[in-house]
Amino acid sequence: MSLKSYKWNENSTELFQEALSSGSMQQQILNFNKTEYHSDINNMIKDVNTIFYEAANLSLKQKPTKKSTSKLKQNVKKKPNWLDASLSKLKNNLNDKEKLLQKYPFDPVIRSSFFSLLKHYRKTRKKKIRDFRQDLIDKLDNLKDNNPSQYWALLHELSDTNRENTTSDVSTDAWFSYFKNLNEKDTNASCDYLKDKLKDMEREKIFTELDNLISKAEIEKAIKECQAEMLVGKRRTELLKKTLIAELAILDSYLNLTILILFVLEKQRQKYRSEFANSIFR
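The structure reproduced in this document is the subject of the present report.

The rules behind each value
Residues numbered from 1 in each chain as written. Predicted model: local features only at pLDDT ≥ 70, side-chain atom pairs only at ≥ 80, totals over all residues. Heavy atoms only, no water. Salt bridge = Lys/Arg side-chain N within 4 Å of Asp/Glu carboxyl O. Helix = DSSP H or I, 4+ residues; strand = E, 2+ residues; numbered from the N terminus. Buried < 20%, exposed > 50% of the residue type's maximum accessible area, 1.4 Å probe, protein only. Patch = residues over 30% accessible without salt bridge, like charges linked within 9 Å, V, L, I, M, F, W, Y side chains within 5 Å. Areas by Shrake-Rupley, 256 points an atom, 1.4 Å probe, with all protein chains shown as cover. Lys, Arg positive; Asp, Glu negative; His and termini not counted. Charge placed at Lys NZ, Arg CZ, Asp CG, Glu CD.

### Re the pattern of salt bridges
Now for step 1: Summed over the entire model, instances satisfying the criterion amount to two salt bridges.
Now for step 2: K128 is the salt-bridge partner of D84, the closest N and O atoms lying 2.6 Å from each other. Separated by 44 residues along the polypeptide, D84 in the loop between α4 (70–75) and α5 (85–103) and K128 in helix α6 (residues 108–146) bring together distant segments of the chain.
Now for step 3: Taking relative accessible area as the criterion, K128 reaches 26% and is therefore assigned partly exposed.
Now for step 4: In this structure, K127 engages D131 in a salt bridge whose closest nitrogen and oxygen atoms are separated by 3.0 Å. Placement of the pair is K127 and D131 together in helix α6, with a separation of four residues, close to one helical turn.
Now for step 5: The exposure class of K127 is partly exposed, given its relative accessible area of 45%.
Now for step 6: Given the relative accessible area of 33%, D131 is considered partly exposed.

### Brief notes about a negative patch on the surface
Now for step 1: Side chains of D135, D138, D141 and D145 sit close together on the surface and give a patch of like negative charge.
Now for step 2: For D135, the location among the structural elements is in helix α6.

Structure below.
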């Protein structure tokens, strides 16, 4: 008999006593007292438990049973073979530092410590994976010649770990009925509708300026406009040249005047220098 749990409150004692005092329970208790068990203790304990459980079922509420965790355990992801204790410890330290970084995201010391540990963890993990694969390859190479049975057993084990459940949840009858009725829909109506629509579009007249032929007068007018624009462009070029020539003449005069002023200033400076020297050595 599986053990059951019941909710117990202030009124449970009174309710349980009333259940034991009921007619059916009194009859079971009377039968229990009349039965001679002698040395059969197991049956006696079983009958007593039956009386207590029936009284509890009549008076008390059962606690909800916990769901089995077998399915949850099946869904737990299996740890990879290359993940050893040292790498797990390193991963736990990294998780702790990540929580600390989330709490203090702008602390430079914590950030530096976290990212340095993250870099070290990634390098260590890559090395563990690389070493595990190399050891596995070496093991397969050795078993292939020395022990073929273990070689194939290991190979099947590796293939089973990477195999996924590819079975379809759709029944064969559902697939059959779907493909059977796939092309039964009448598509002639839609084709006729498209044909009629295209014919209506062909009959519709849409006028645009490009539908008319280009006349000789339009061509002559366009040529005259181009010549006028070219003439205006030539005039602008000539005017620009004249403006540049005038500006260059002004600039030349300005430069010559500047040179003349500098020359006069230099002469005056030399004159003052000679007079100053003569006054000193006189």
